[in-house]
Amino acid sequence: MNNKGSVVIISGPSGSGKGTTVKAMLSQRKQVRLSVSATTRPPRPGEENGREYFFLTKDEFEKRIQNGDMLEHAQYCDNLYGTPKEYITLCTEKGEDVILEIEVQGGMQVKSKLPQAISIFLIPPDRKSLEKRLRGRGTESEDVILQRLKRADEELQYADKYDYVVVCGEMQKCVDDIFAIIDSKKLESENMIDYIKENF
Ligand code: 5GP
């Protein structure tokens, strides 16, 4: 059996339920880790540097890119977001599954650099719930909400570029679907070759 952990890309429009889903996954499986991204967006109330994001200035962010520290990066609604490389390797080497909760441009970059990564596109059950979730968060101005709705329409076009699409309606069902995907990856024949060699 392949003892390495999986890289799991989770994308989906803002309001798809990614954040809540990932939180539930982290609380339910101890070998699941979340990659903390870097961003130039200002922290929302309650967000802490190093926990939700590494909050960087544009200059600091660009330096990280130049140093080759980022696995991927992308611009999203006027801000830069990126995945630091080091943590991903650290986790997967230890057999931990690491989740990258990132937007679609970044998702595509990771998929081309790490073809063995599992890519999952999360969608809310319908457009109404998407809008409701976006507004319900209550942390964004109307301007930002409209910007994010427009971006959501653009992001939905990417769904078929992902390995899986999971509907995020009832939370536990969504979490179970994602765990089933992660588990089945470990049983793919190419990941079982080492097990067969060792045991037969
Ligand atoms: P938010 O500002 O709501 O925290 O995130 C905005 C969008 O950026 C979300 O779709 C989120 O998944 C995405 N995002 C967060 N971190 C990263 C990252 O490291 N890389 C990329 N490409 N997108 C990210």
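See the structure above.
Residues numbered from 1 in each chain as written. Predicted model: local features only at pLDDT ≥ 70, side-chain atom pairs only at ≥ 80, totals over all residues. Heavy atoms only, no water.

**Q** Explain the overall build of the protein chain to me, using residue names and the numbers behind them.
**A** Scanning the protein chain for helices and strands turns up eight helices and nine strands. For 200 residues, the compact-globule estimate of 2.2 N^0.38 gives 16 Å, and the C-alpha radius of gyration of the protein chain, at 17 Å, lies within 12% of that figure. Looking at the protein chain as a whole, 46% of its 200 residues qualify as buried. The contacts in the protein chain between residues at least 6 apart in sequence include a share of 69% that link residues at least 24 apart. (Helix = DSSP H or I, 4+ residues; strand = E, 2+ residues; numbered from the N terminus. Rg over C-alpha atoms; globule rule 2.2 N^0.38 Å. Buried < 20%, exposed > 50% of the residue type's maximum accessible area, 1.4 Å probe, protein only. Contact = heavy atoms within 4.5 Å.)

**Q** Quick one: what's the story with the nonpolar core, residue by residue and with numbers?
**A** Ranked by internal contacts, the top residues of the largest apolar core, which has 18 residues, are I10, M25, I120, L122, V166, I178 and I182. Going through the elements one at a time, β1 (7-11), α1 (18-28), β8 (118-123) and α7 (171-186) are the ones with two or more residues in this core. Among the elements that line this core, the one with the most residues is α7, at six residues. In terms of nonpolar packing, the next biggest core, distinct from the first, is built from 15 residues, I102, V110, A159 and Y162 among them. (Core = buried A, V, L, I, M, F, W, Y, C linked by side-chain atoms within 4.5 Å.)

**Q** Explain the pattern of salt bridges to me, and be specific about the residues and the numbers.
**A** Tallied over the entire structure, the rule returns 20 salt bridges. Between R135 and E142 there is a salt bridge, with its nearest N and O atoms 2.8 Å apart. Residue K173 is joined to D177 by a salt bridge in which the shortest nitrogen-to-oxygen separation is 2.9 Å. Separated by four residues within a single helix, K173 and D177 lie in helix α7, roughly one turn from each other. (Salt bridge = Lys/Arg side-chain N within 4 Å of Asp/Glu carboxyl O.)

**Q** Tell me what's going on with helix α6 (residues 142-156), and back it up with residues and numbers.
**A** Between the first and last C-alpha of α6 there are 21 Å, a value that for 15 residues agrees with the 21 Å anticipated at 1.5 Å per step. Those residues of α6 not exposed but buried are I145, R148, L149, R151, A152 and E155. Those residues of α6 that are buried lie in contact with β5 (70-76), β6 (79-84), α4 (104-113), β8 and α5 (127-136). (Expected span 1.5 Å × (residues − 1).)

**Q** Explain the site of the ligand to me, and be specific about the residues and the numbers.
**A** By nearness alone, 16 residues border the ligand, and S37, R41, Y53, E72 and Y81 come closest of all. Within the side chain of R41, one N or O atom sits 2.6 Å away from an oxygen atom of the ligand. With respect to the ligand, the side chain of Y53 contributes an N or O atom lying 2.5 Å from an oxygen atom. Calculation on the ligand without its partners gives an accessible area of 510 Å², and the protein chains cover 95% of this total. Assessed atom by atom at 2 Å from the grid points, the ligand resides in the largest pocket. For the shell around the ligand, the secondary structure elements donating two or more residues are β5 and β6. Of the residues belonging to the shell around the ligand, the class tally is five nonpolar, four polar and seven charged. (Near = heavy atom within 4 Å. Polar contact = N/O pair within 3.5 Å; in protein donor to acceptor, adjacent residues only side chain to side chain. Areas by Shrake-Rupley, 256 points an atom, 1.4 Å probe, with all protein chains shown as cover. 1 Å grid on protein atoms, 1.4 Å probe; cavity = no way out; pocket = protein on both sides within 12 Å on 5 of 7 lines; lining within 4 Å. Sits in = over half its atoms within 2 Å of the grid points. Nonpolar A, V, L, I, M, F, W, Y, C, P; charged D, E, K, R; others polar.)

No statement about biological role is implied by the geometric values presented.
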